Amino acid sequence: MRAALVEARKAYDEGEVPVGAVVVVGDRVVGRGHNQVEGLGDATAHAEILAIGAASQTLGATRLTEASIYVTMEPCPMCAGAIVLARLRRLAYGCPDPKSGYCGSLGNIVDDPALNHRVTLRSGVLEEECATLLSRFFVELRRRSTD
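For every chain, the first residue of its written sequence is number 1, and the numbers climb from 1 along that sequence. Two thresholds apply to this predicted model, a pLDDT of at least 70 for residue-level local features and 80 or more for giving and counting side-chain atom pairs, whereas whole-chain, interface and lining totals are computed over all residues. To obtain the side-chain values, all non-hydrogen atoms of the structure were included, while hydrogens and water were left out.

Peer 1: Looking at this structure, how should I read the pairing of strand β4 (residues 90-95)?
Peer 2: On a regular strand, each side chain points to the face opposite its neighbour's, so the side chains alternate between the two faces of the sheet. With five of its six residues buried, β4 lies for the most part within the structure. Strand pairing is defined by DSSP finding a minimum of two bridges between the two strands. Counting from the N terminus, the helices are DSSP H or I runs at least four residues long and the strands are E runs at least two residues long. For strand β3 (residues 68-73) and β4, the ladder comprises five bridges, and the chain directions are parallel. Within β4, the position partnered with Y70 by the bridge is A92. Here the term right-handed applies to a crossover when the path leading from its first strand over the helix to its second strand runs clockwise, the strands being oriented away from the viewer. For the crossover from β3 across helix α4 (residues 77-85) to β4, the handedness is right-handed. Across three bridges, the pairing between β4 and strand β5 (residues 120-122) is parallel. Only protein chains enter the area calculation, which uses a 1.4 Å probe; residues under 20% of their type maximum are buried, those over 50% are exposed, and those in between are partly exposed.

Peer 1: Quick question: what am I supposed to make of the layout of surface pockets here?
Peer 2: In this approach a probe as big as a water molecule rolls over the atoms, and the regions it shows empty are the leftover space. In this analysis a 1.4 Å probe is tested at points of a 1 Å grid over the protein atoms alone, and where it fits but cannot get out there is a cavity; an open set with protein on both sides within 12 Å along at least five of seven lines is a pocket; lining residues have an atom within 4 Å of a point. Grid points are joined across faces, edges and corners, and a volume is the space filled by probe spheres set on the points. Quantified by volume, the largest pocket comes out at close to 480 Å³. In terms of lining, the largest pocket is formed by 20 residues, of which the most central are V17, M73, D97, S100 and F138. Going through the elements one at a time, α2 (37-40) and α3 (47-59) are the ones with two or more residues in the lining of the largest pocket. Grouping the amino acids of the lining of the largest pocket by side-chain chemistry returns ten nonpolar, four polar and six charged. Note that Gly is not counted as nonpolar here; it falls among the polar residues with everything else outside the nonpolar set of Ala, Val, Leu, Ile, Met, Phe, Trp, Tyr, Cys and Pro and the charged set of Asp, Glu, Lys and Arg.

Peer 1: How do you make sense of the packing of helix α1 (residues 2-13) against helix α5 (residues 127-146) when you look at a structure like this?
Peer 2: When two helices pack together, you describe them by how their axes are tilted relative to each other and by the distance separating the axes. Two elements in contact, α1 and α5, have axes whose closest approach is 11 Å; the angle formed by their N-to-C orientations is 5 degrees. By the angle between their axes, α1 is roughly parallel relative to α5. Each of R2, L5, A8, R9 and Y12 in α1 lies in contact with α5, whose residues at this interface are E129, C130, L133, R136, F137 and E140. For the contact of α1 with α5, the residue count by class is six nonpolar, no polar and five charged. Interaxial angles span 0 to 180 degrees and are taken between N-to-C directions of axes, which are lines fitted to C-alpha atoms, for helices over the stretch in contact. Any angle from 65 to 115 degrees is called roughly perpendicular, while one under 35 is roughly parallel, one over 145 is roughly antiparallel, and all others are oblique. The contact criterion used is simple: two residues touch if any of their non-hydrogen atoms lie within 4.5 Å.

Peer 1: Help me understand the packing of aromatic side chains in this model?
Peer 2: Stacked, tilted and edge-to-face pairs are distinguished by plane angle, under 30 degrees for stacked and over 60 for edge-to-face with tilted covering the rest, among Phe, Tyr and Trp rings (Trp via its six-membered ring) whose centres lie within 6.5 Å. This structure, assessed with the given rule, holds two aromatic pairs. Judged by centre distance (5.1 Å) and plane angle (80 degrees), the rings of F137 and F138 are edge-to-face. Three or more aromatic residues link up through ring pairs in this structure, and these residues are Y12, F137 and F138. One residue, R136, lies across the ring of Y12, its end atom 5.2 Å from the ring centre. Sitting over a ring, as applied to charges here, requires NZ of Lys or CZ of Arg to be within 6 Å of the ring centre and within 35 degrees of the ring normal.

Peer 1: Just checking my understanding: could you explain the sheet that holds β4 for this structure?
Peer 2: Note: strands within a sheet are paired through backbone hydrogen bonds, in either parallel or antiparallel orientation. Ordered by their spatial adjacency, five strands build an open sheet running β2-β1-β3-β4-β5, and the pairing between neighbours is mixed. Here the strands that pair on one side only, and so sit at the sheet edges, are β2 (28-34) and β5. Adjacent strand axes in the sheet meet at a mean angle of 15 degrees, parallel and antiparallel pairs treated alike. Pairing geometry for strand β1 (residues 20-25) and β2, over six bridges, is antiparallel. Paired with V25 across the bridge in β2 is R28. Contacting β1, β2 and β3, α1 runs over the sheet at an angle of about 150 degrees to β1. Against the sheet, α5 touches β3 and β4, its axis set at about 60 degrees to β4.

Encoded structure:
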């Protein structure tokens, strides 16, 4: 999760919502990503999507059955769906997202029995550190918008 936090700080520095993700096989990071929605002008440029794409390129595979993904904030429905489609083995995330999280908060795509793949889930990993970075970002954003 520390490597995902490094990615989240990159997003923060770029003025993006500070979410970071890394895909790991064993102890090797095979894909990294941080939110780049504004910078790329692409609503799908979430940290998870970029990290999964990078991992697929690194491994030359679309099915990442031996990989785990670490994300600083609970994935949204799009990213949770991508995690299932990529057949990731495990998801660990930092803080919940009560407004759009779909790995426990509003629903749970990664453990939906109707789907053909389920992902082992762990939440709350370095939760306070992940949540603090997000809170600080939004406090600064609100302050700038009132200036």
